Amino acid sequence: MAKPVLIVHGGAWEIPAEQVEACRAGCRRALERGWAALAKGASAVEACEVAILELEDDPVFDAGIGSHLNRDGRVQLDAILMDGRTLKTGAVAAVERLRNPIQTARLVLEHSEHMMLVGPGAEQFAVERGVSLCNPSELVIAREVELWYKRKHESDAGRGRFQPKERLGTVGAVARDAQGNLAAGTSTGGTACKYPGRVGDSPLIGCGCYADNQTGAVSATGQGEEIMKMVLAKAACDRLAGGLEPQAAAEKAVAVLGERTEGLGGLIVVDAQGRVGAAFSTPNMAYALRTADSADPVVRL
Ligand code: ASP
């Protein structure tokens, strides 16, 4: 039996002091939920899904309810889940009526011949698989409406940009289960005031997420347009394949992101042996981890 591992993150950004506790508590709850599943024998895919469901339901994070609004004042969500055993992936992007996009990502992973569905097609697929659509307004909270009014008057160049000082909080999870299988998942509302239809790195295979039983599982967060240039999650896995330990691979990937693109971001990593790593170039990243060797969860922020 392999030793299970779970790491969750709540985004890399400049987390203000008054939100630190809420981010910590949210990560801890997600970790506990995912760990309870792993302890009962759930797969790594299942553990990542349930941890991310918890994070999506927490309005402190930029995923599910409480996500940023786009220029049109609408929430558009992206999510991905990848199975390291088969390399099969399920992703959804620019969905507006799914309360928990990670749930539909799992359905795409397990029941679709495709890897990614977007917009109304993704919602149609969810309905066919028994998911109820929500009213888009259920995902909108007052704090985000206020931010939208503030940002709406900024220049075109400023809007929709990743601004580490602004509330971000993309969420993600990586896991290794008792069978030694790896999985990774990421879910986000994207950047504030993004152009309608904009999709960042988060739901793209290899960019915001990657999992391969032969190397490792990675969830990334940060400046989406820059992360895409580096195919960051896969780049970190390639460093594991090249012999780096997860901590060194995470640090190197984030450093190269900065050198090549000036982008900021963060990563959580578990490798095929169950070793862990986490690194970020933003002022903070909220994350929590648990391994079979640790009696208590470790929450970092
Ligand atoms: N990477 C996300 C995006 O660009 C944002 C984040 O990670 O906070 O949509």
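For the structure itself, consult the block above.
All of the points below concern the structure found in this document. (Residues numbered from 1 in each chain as written. Predicted model: local features only at pLDDT ≥ 70, side-chain atom pairs only at ≥ 80, totals over all residues. Heavy atoms only, no water.)

## Here we look at the pairing of strand β2 (residues 77-83)
Counting buried positions along β2 yields seven of seven residues, so the element is predominantly enclosed. Remark: five residues form the turn of the hairpin made by β2 and strand β3 (residues 89-95), two consecutive strands paired antiparallel; Leu87 in that turn has positive phi of roughly 70 degrees. Strand direction decides the pairing type here: β2 and strand β6 (residues 182-188), joined by six bridges, are antiparallel. Paired with Asp78 across the two strands is Thr188, which belongs to β6. (Buried < 20%, exposed > 50% of the residue type's maximum accessible area, 1.4 Å probe, protein only. Helix = DSSP H or I, 4+ residues; strand = E, 2+ residues; numbered from the N terminus. Pairing = 2+ DSSP bridges.)

## Thoughts on empty space enclosed by the protein
Per the counting criterion, the structure on display carries one cavity of 30 Å³ or more. At the level of elements, β1 (5-13) and β8 (216-222) are the ones that each hand at least two residues to the lining of the largest cavity. No other element matches β8, which puts three residues into the lining of the largest cavity. Across the lining of the largest cavity, the residue classes tally to four nonpolar, eleven polar and four charged. (1 Å grid on protein atoms, 1.4 Å probe; cavity = no way out; pocket = protein on both sides within 12 Å on 5 of 7 lines; lining within 4 Å. Points joined across faces, edges and corners; volume = space filled by probe spheres on them. Nonpolar A, V, L, I, M, F, W, Y, C, P; charged D, E, K, R; others polar.)

## Some remarks on the sheet that holds strand β10 (residues 276-280)
One open sheet holds the four strands; their spatial order is β7-β8-β9-β10, and the pairing between them is antiparallel. The sheet is open, and its two edges are formed by β7 (209-212) and β10, each paired on a single side. Within the sheet, the average angular offset between the axes of one strand and its neighbour, ignoring direction, is 5 degrees. Strands β7, β8 and β9 (265-271) of the sheet are contacted by helix α7 (residues 232-241), whose axis makes an angle of about 140 degrees with β8. (Axes fitted to C-alpha atoms, helices over the stretch in contact; angles between N-to-C directions. Contact = heavy atoms within 4.5 Å.)

## Brief notes about the pattern of salt bridges
Under the counting rule described, the total for this entry stands at 17 salt bridges. Arg29 is the partner of Glu54 in a salt bridge, and the nearest nitrogen-oxygen pair spans 3.6 Å. Here Arg29 lies in helix α1 (residues 17-39) and Glu54 lies in helix α2 (residues 44-56), a separation of 25 residues in the sequence. In this structure, Glu226 engages Lys229 in a salt bridge whose closest nitrogen and oxygen atoms are separated by 2.7 Å. In this pair, Glu226 and Lys229 are both assigned in helix α6 (residues 224-230), three residues apart and thus about one turn of the helix distant. With relative accessibility at 57%, the residue Lys229 sits in the exposed group. Here the salt bridges do not stand alone but share partners, grouping Arg29, Arg33, Glu54 and Asp58 into one network. (Salt bridge = Lys/Arg side-chain N within 4 Å of Asp/Glu carboxyl O.)

## Notes on the site of the ligand
With respect to spatial proximity, the complete set of residues near the ligand consists of Leu168, Thr170, Gly190, Arg198, Asp201, Ser202, Thr221, Gly222 and Gly224. One of the side-chain N or O atoms of Thr170 is found 3.0 Å from an oxygen atom in the ligand. For the ligand, a nitrogen atom lies 2.7 Å from a polar atom in the backbone of Gly222. In the complex, the protein chains occlude 100% of the 270 Å² of accessible area that the ligand would expose alone. Judged by its atoms lying within 2 Å of the grid points, the ligand is housed in the largest cavity. Its residues assigned to classes, the shell around the ligand shows one nonpolar, six polar and two charged. (Near = heavy atom within 4 Å. Polar contact = N/O pair within 3.5 Å; in protein donor to acceptor, adjacent residues only side chain to side chain. Areas by Shrake-Rupley, 256 points an atom, 1.4 Å probe, with all protein chains shown as cover. Sits in = over half its atoms within 2 Å of the grid points.)

## Some points on the packing of α7 against helix α8 (residues 246-261)
The contact between α7 and α8 brings their axes to 9 Å, and the two run at 135 degrees. The pairing of α7 with α8 is recorded here as oblique in orientation. Where α7 crosses over α8, the two elements pack in a sense that is right-handed. Facing Leu232, Ala236, Arg239 and Leu240 of α7, the residues of α8 in contact are Pro246, Ala249, Lys252, Ala253, Val256 and Leu257. Residues that form the contact of α7 with α8 fall into these classes: eight nonpolar, no polar and two charged. (Parallel < 35°, antiparallel > 145°, perpendicular 65-115°, else oblique. Left-handed = near helix turned anticlockwise from the far one by under 90°.)

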